[in-house]
Structure formats: structure tokens, C-alpha cells
Amino acid sequence: MNIRKAGFAPRTFMLMLMVYLLLPLLATGIYAFAQDWQNTLLPQAWTLNWFGEMFKDIRFLEALWTSLYLCLISVVLSLTVMLPAVFVITIYFPRWESFMKVIVVLPYAVPGVVAAVGLIRTYSSGPFNIAGTAYLLVGAYFVVILPYMYQGIRNSLLTVNAVELLHAAELLGARRRTAFVNVILPNIWPGVIVSALLSFSVLFGEFVLTNMLVGGHIQTIQVYLYQRMGESGHLASAIAISYFLFILVLSMVLMKLGKKMGGGVKG
Amino acid sequence: MKQKSRGVILALIPFALMVLAFQLVPVLSMLTGSFQKADGTGLTLGNYLHALQSAYYMQAIKNSLLISLTSSLIGIIVGLFCAYCITWFTPRVRDRLLMLSNMTSNFAGVPLAFAYIILLGNNGVFTLLFKQWGWSVFTDFDLYSWSGLILVYVYFQVPLALLLLYPSFYGIREQWREAASLLGAGPWQFWKTIGLPILTPAIFGTLGILFANAMGAYATAYALVGGNYNLLAVRIGSLVAGDVVTQPEMGSTLAVLLGLTTILAVYLNHLMVRRTERFGAKALSKPDVKTKSSRRLWTAASEEVGQ
């Protein structure tokens, strides 16, 4: 359907949509650079003060650091657990895949606020009392990114024809572990990196589980943003915009990587 | 042979443990919790009866259902129009537009609520501006109420609807349109008898995802209205992790009720995706179908998690 040319109506319609979608972002951006913004269409004076204050704020830097390492640990843990598991399931137990699909779809169907209820109930008493700790959060994060990791790794394995690769390697005398580490892994690595980055950016924006599970004890960037919202609008805007820019850069890297691989993972 | 299977099983153990510990056991615990009495002894249906008889909880359920339905319906209508418009652009422009909408879908949850507070809150830039200009239309508008919530919910529903719907427009072949017009059908008749019936499964499937997305949205509502507007997700949050007295059993009960509606909605989507794929399998090449469903999964998830 792409032989026709966009006429006046589609153009206006899409323009309106883009204005609608970008306006809140734009306003936050302007607010972050505005010295004082009241009663005028655009602020009267601009400043970089809010960004300066942001970087001087030790609590912000701590929250940023907490977010970074918690997300990193969760993604690395997920990689070490999921890579062998998805490999084994895809290659040796293809019949289990329908069961896997149910497990993988659960995080979509069960919203964060519902999942948090179960997690709090399970871990606030009894033998595993890890309520309010990073362990619980990392476990919860593992489930959040489960669909992305499973889908990404599985798609990469199918794209590179892992079964045939493995057969070829074994025919040439490689043991299974050697074949996995030396033949399969290097081939699926680009796809796996893309899913890992995507998972990372999803976790970076996570608020519900973080706030409900460890809100009082561990401050991630989202929790920090929520707490600063009421204090200084300008400072919070600066934080929100920096956060958004970070995610934007990350998703652009993702897109480039995805295109480079011929869309093997993201389609 | 024996050793072979041992190594294979070994690779699955950590995965099984993680899923069991952080997914299956918590869900089970929530289910049993919802049937437990407040003192933790014995089984009862009392919590459910209480939830369905209490005017307060019923209001939360009703508000959530209404807000989810309304925002999904608006989202799907706007999304349909936009998805159709997008098919008119060249692939280059189209990709740009899709990228922009994808980008804004990252702007959800706390930052989104915050942006709207800056724009339209009590001391928001536009609120003050409109007051100064004397535009009375906006004096009744209250961001921290039903209309404000709808506005913010629609914001994250529209890009999602667009991203989920536009692939199905490409399932409509140009030849069908030509054939229809050769047989004397006008554009209106084409859409009524061919276009819309083809899109219907995709529309209902997307509606399911949007509905589940809105039902589960917590961060946006929490950041915007706190506990001041009675929504199911907000209620659950304050019942299990509130500052005052927590009532985990009641929280579990409401969570199960909320979970049931979202599972139902996602199941609807699943059914519809299967129908679309069976239906479109001949028209679309195989990889296209795959791309579509995996993208559906990816974007749906990233949205949902973002809330």
C-alpha cells in the first residue's frame, strides 16, 4: 500500500499526533532549563542551574548508581540462568515450549502491582525473610525481564539454526559444552546483547515493584524521582529529562544493533 | 547416555528454581492468601464476599474498569486512524513516525505523571496561562480527577495501539482494493465489507492488551493522584505496602480479582492473534507473521512494565 502518496489529511493527522505525544516531553525539557516560567508561553530566562544542582546532589548520584548496579546484576544473573536453559529447551525439549510460553506470558498478564502482593506475602516471614532487601528485588526483576530474555535468546537460536550448527560441531568431534561455548554462543551473541540491553532499559524504568518491595530501603532513580517530584519542579524536570535522554541513547544503540543483525531479534 | 541427560537437566535447574521462587510460589501464595481469614487460620470465601459487598472496594473496581475501558476505546480509535494514516507515508517517513511513537512509550509512569503536573496541574504552565488569557473552558478541568486520569492514560494507550495495529493494515493487499473497485465498490464499501472484517481480530486483540495495560497501570496513577482517587491498583498497593495498617488478605483478594481481568484480557488477545495469523497466513509471508507477533509481545511488555 505504499505506492500512494500521503495527502493533506494524513499529514495533518500525524502532525497532530506527534504534537500531542511530544508536548509533555517538550514541556518537561523547557521546564528543566527555565529559570522562572509563569504566565508566559515561554520562560523569560534560561538557566543550567537545575542540571548543576542535580549533579551536586549526592542522593541523586547514589540513586543513579543503585539503579545501574541493580539492573546490571539482574541482567547478568538472567543471562547466566537463561542462556543454558533456553538453549536446552529449544534444542532438546521442543515439546516443552508450549509450557514455557505460559510461564513467559505470565509477567504480561500479571501486572506489577499484583505480582508484588505475592512476593511480599511469600518473603516477609517464614524461612526466607528477605523483605526489603536487594535479593528480593533482583528476583522480582528476573521475572520482569523473563519474556524479553526468553524471546530474544530463542529467536537468536532459531535464526542461526542452532540445531544444525550443533550437529555439525558434534560430527566434527566437539563435546556438547565445547560446541555450546565455542560455536553457538559466538553466533547468538549479538542477539543476546540486544535483549540484554532492552531488559536493562525496561528495568531502569521500573517503579511499581521497586517502590512496593523495597521503597523505604533502596532508592532507585525512579523512586528518587517520585520523592523529589513534590519538592522542586525544576530539579525533578532536569532529572526526568536526563533519565529520558539516557533511555533514548540506549534504545538508539539497540535499534542500530538490531538493524545490523538484519532484524534477527526485534523483527 | 545417562551422563548426557544429567548435564542437560543441570542446565535447567537454576532456571526452574528462579521461576518457582519468584513467580509460581508468589502467585500461589497470593491465591491461598485471598482465601485466608484475617488471623491467618482456616479457609474462607469471606474476603471475596467482603470485597464484592463493600461499597468502597466496589467503587475502586468500577472506577478501574471504567477508566480502562474508556482509555482503551479512545486509544484504539485514535490508534486506528493513525495506523491507517501511516500506511500513506513512504517507508522512510513511516519508520521515523513509528520510532517517535515508540520513543514516547518510554515516557510513562512517574515521569509522565510529572510532565502532566507541570503542564496542567494546579500550578501548571498551561493552567496559569489559560487563567491569564481568561479561557474559561479549562477552569473546570482538574488533572487530579477522572478527566485528568483519562487524559494521562490515553497518552500511553495511543502509541501502543498504533504500534500494535499498523502491521495488520499491511495485511490488506492492494490487489483486493483494486479487485473491489473493479467490481464497483467505493472506498466506504471496501472498508465496510473487506477492510474492517479483516482488521476486526487485530482490533479486539489490541483492545485486550490496552485494557490489561490500563488495569495494571499503577505508577502513573500513584504518582498523579496518590491515594486520592479510588482505583483498584492503588487500593491494592496501599493494602499491602501502605503506611497505615496493612491488610495482606484483602490485598491478595483484590489482586486476584485484578489479575483475573488482565489474564482474561491477555487471553482474548492470544485468541485473536491466533485467528489473525491463521487468517492472514496466506496473504502474508511467513516471516512477516512472525515479526508481527513478536513485536506485539515486545511492545506490549515494554509498555506494561513501564507503567
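Residues numbered from 1 in each chain as written. Chains lettered and ligands numbered in written order. Predicted model: local features only at pLDDT ≥ 70, side-chain atom pairs only at ≥ 80, totals over all residues. Heavy atoms only, no water.

1. Topic: the overall build of chain B
Now for step 1: Counting its regular elements, chain B contains 13 helices and zero strands.
Now for step 2: Its helices and strands in sequence order give chain B the pattern α-α-α-α-α-α-α-α-α-α-α-α-α, from N to C terminus.
Now for step 3: Out of the 307 residues belonging to chain B, those deemed buried represent 54%.
Now for step 4: For chain B, the computed accessible surface area is about 14,100 Å², with 67% contributed by carbon and sulfur atoms. (Helix = DSSP H or I, 4+ residues; strand = E, 2+ residues; numbered from the N terminus. Buried < 20%, exposed > 50% of the residue type's maximum accessible area, 1.4 Å probe, protein only. Areas by Shrake-Rupley, 256 points an atom, 1.4 Å probe, with all protein chains shown as cover.)

2. Side note on the overall build of chain A
Now for step 1: A count of helices and strands for chain A gives eleven helices and two strands.
Now for step 2: Start at the N end of chain A and walk to the C end: the helices and strands fall as α-β-β-α-α-α-α-α-α-α-α-α-α.
Now for step 3: With respect to the principal axes defined by its C-alpha atoms, chain A has extents near 75 × 65 × 30 Å.
Now for step 4: Burial statistics for chain A: of 267 residues in total, 53% are counted as buried.
Now for step 5: By sequence separation, contacts in chain A at least 24 residues apart represent 73% of the contacts at least 6 residues apart.
Now for step 6: For chain A, the accessible surface area stands at approximately 12,400 Å², while carbon and sulfur atoms represent 67% of it.
Now for step 7: Counting 17 positive and 9 negative side-chain charges, chain A places the centres of these two groups 13 Å from one another. (Contact = heavy atoms within 4.5 Å. Lys, Arg positive; Asp, Glu negative; His and termini not counted. Charge placed at Lys NZ, Arg CZ, Asp CG, Glu CD.)

3. Considering the interface of chain B and chain A
Now for step 1: Facing the 90 residues of chain B at the interface are 90 residues of chain A.
Now for step 2: Summed over both sides, the interface of chain B with chain A buries roughly 8,400 Å², with 77% coming from carbon and sulfur.
Now for step 3: Remark: the boundary between chain B and chain A carries zero salt bridges.
Now for step 4: Summed over the shared surface of chain B and chain A, the result is six residue pairs in polar contact (both at pLDDT 80 or more).
Now for step 5: By residue number, the principal contributor to the side of chain B that touches chain A is helix 1 (residues 2-34) of chain B, which donates 18 residues. (Buried area = accessible area lost by both parts, 1.4 Å probe. Salt bridge = Lys/Arg side-chain N within 4 Å of Asp/Glu carboxyl O. Polar contact = N/O pair within 3.5 Å; in protein donor to acceptor, adjacent residues only side chain to side chain.)

4. Quick notes on a nonpolar patch on the surface
Now for step 1: Among the surface-exposed residues, A:Phe33, A:Leu41, A:Leu42, A:Trp46, A:Leu48, B:Trp133 and B:Trp135 lie close enough to one another that they form a single nonpolar patch of about 790 Å² accessible area.
Now for step 2: Take B:Trp135: it is sitting in the loop between helix 6 (125-133) and helix 7 (146-169).
Now for step 3: Since its relative accessible area comes to 43%, B:Trp135 is described here as partly exposed. (Patch = residues over 30% accessible without salt bridge, like charges linked within 9 Å, V, L, I, M, F, W, Y side chains within 5 Å.)

5. Digging into the environment of B:Leu12
Now for step 1: Among the structural elements, B:Leu12 can be located in helix 1.
Now for step 2: Ignoring anything within four residues of it in the chain, the contact list for B:Leu12 reads A:Ala85, A:Val88, A:Ile89, A:Phe93 and A:Trp96.

6. Considering the side chain of B:Thr253
Now for step 1: Note that B:Thr253 resides in helix 12 (residues 248-280).
Now for step 2: Excluding residues within four positions of it along the chain, B:Thr253 makes contact with B:Ser34, B:Asn47, B:Tyr48 and B:Ala51.

7. A few points about the packing of helix 1 (residues 8-33) of chain A against helix 4 (residues 91-104) of chain B
Now for step 1: Between helix 1 of chain A and helix 4 of chain B, the least distance of the axes is 10 Å, while the angle of their chain directions is 30°. Classified by the angle between their axes, helix 1 of chain A and helix 4 of chain B sit roughly parallel to one another. Handedness of the helix 1 of chain A/helix 4 of chain B crossing: left-handed. Facing A:Met14, A:Met18, A:Leu21, A:Leu22 and A:Leu25 of helix 1 of chain A, the residues of helix 4 of chain B in contact are B:Leu97, B:Leu100, B:Ser101, B:Met103 and B:Thr104. (Axes fitted to C-alpha atoms, helices over the stretch in contact; angles between N-to-C directions. Parallel < 35°, antiparallel > 145°, perpendicular 65-115°, else oblique. Left-handed = near helix turned anticlockwise from the far one by under 90°.)

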